[in-house]
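Listed below, chain by chain, are the residues.
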Amino acid sequence: MKTAIKYFSFPYKTHVLIFSVFMLILPVLILSNLEISAVLKLEASLLRLLFLIPTLIATIGLVYCTIGYHFQILRGDELKLRIHLEALNIAFTTTLVFFFIFIFLLLNFAPDLLISIIFISSIILIISYLIALQIVKVKYQ
Amino acid sequence: MKNILHILRAEQRLSQDDLAKLVEVSRQTINAIEREKYDPSLPLALKIAKVFKKSVEEIFFLET
């Protein structure tokens, strides 16, 4: 199994990624095109399936892409791996710092928003990774 | 870490792209090594040394 994954090339990652993102927003697209009365008339189980099936497909697709890109970076050029790791290090530290700041702020001033801390942290992680990537790239140019 | 990679490459009339293909890395990696912005891993240093038929310490050395 380990060897099979080691040599599997994870083809069509970009296509899968685009399709997964489309699947994620598909329920919203469908619901936004329906009248509110029509949505209310839908059976609860049907409505649940409307969310469950596309999000399940999107999850499988995103997991496939994540593992695929992970192995692509590992097997690829060593400078690119170094840049990725340094950017990840900066992004992780930045996210942790903001995570602790947000815990303090939300806990004391808006406890009802604590549930959204994972969402906020994910956004900070993605943005800080993209910024760090550009900074680290300049360092090695 | 200092290196004489650009001199060796010029002697062998190899472009950065040619050397990158020989040692299976990107041209950017070779460029970063030559500009002393990036220290290669030991396997890559050994591959480069093999291409130029020299020892690693003849190509890469610490600043004195």
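Rules used in this analysis
- Residues numbered from 1 in each chain as written.
- Chains lettered and ligands numbered in written order.
- Predicted model: local features only at pLDDT ≥ 70, side-chain atom pairs only at ≥ 80, totals over all residues.
- Helix = DSSP H or I, 4+ residues; strand = E, 2+ residues; numbered from the N terminus.
- Rg over C-alpha atoms; globule rule 2.2 N^0.38 Å.
- Buried ≥ 20, exposed ≤ 12 C-beta atoms within 10 Å, placed from the backbone.
- Contact = placed C-beta atoms within 7 Å.
- Nonpolar A, V, L, I, M, F, W, Y, C, P; charged D, E, K, R; others polar.
- pLDDT = per-residue confidence, 0-100.
- Domains from an automatic or database assignment.

**Focus on the overall build of chain B**
The secondary structure content of chain B amounts to 5 helices and 2 strands. Going residue by residue from the N terminus, the α and β elements of chain B occur as β-α-α-α-α-α-β. For a compact globule of 64 residues, the expected C-alpha radius of gyration is about 11 Å, and chain B comes in at 10 Å, within 12% of that figure. For chain B, the C-alpha atoms occupy an extent of roughly 30 × 20 × 20 Å along the three principal directions. Evaluated residue by residue, chain B yields a buried proportion of 22% over its 64 residues. Once local pairs closer than 6 in sequence are excluded, the contacts in chain B between residues at least 24 apart make up 52%.

**Let's talk about the interface of chain B and chain A**
Residue-level contacts link 9 residues of chain B with 5 residues of chain A. The greatest single-element share of the side of chain B that touches chain A, amounting to 3 residues, is contributed by helix α3 (residues 27-34) of chain B. In the side of chain B that touches chain A, the residues fall into 4 nonpolar, 4 polar and 1 charged.

**Quick word on the confidence of the model for chain B**
In the predicted model, chain B carries a mean pLDDT of 93, and 98% of its residues have values of at least 70. What the predictor reports for the complex is a pTM of 0.78 with an ipTM of 0.85.

**Some points on the domain arrangement of chain A**
The domain architecture assigned to chain A consists of domain 1 (1-76) and domain 2 (77-141). Placing the centre of domain 1 of chain A and that of domain 2 of chain A at their C-alpha centroids yields a distance of 24 Å.

**Quick notes on the environment of L125 of chain A**
Residues and elements named next belong to chain A. Within the secondary structure, L125 sits in helix α6 (residues 117-139). Given 18 C-beta atoms within 10 Å, L125 falls into the partly exposed group. Sequence separation between L125 and T93 is 32 residues; the distance between their C-alpha atoms is 9.2 Å. Setting aside its immediate chain neighbours within four residues, L125 contacts A91 and T95.

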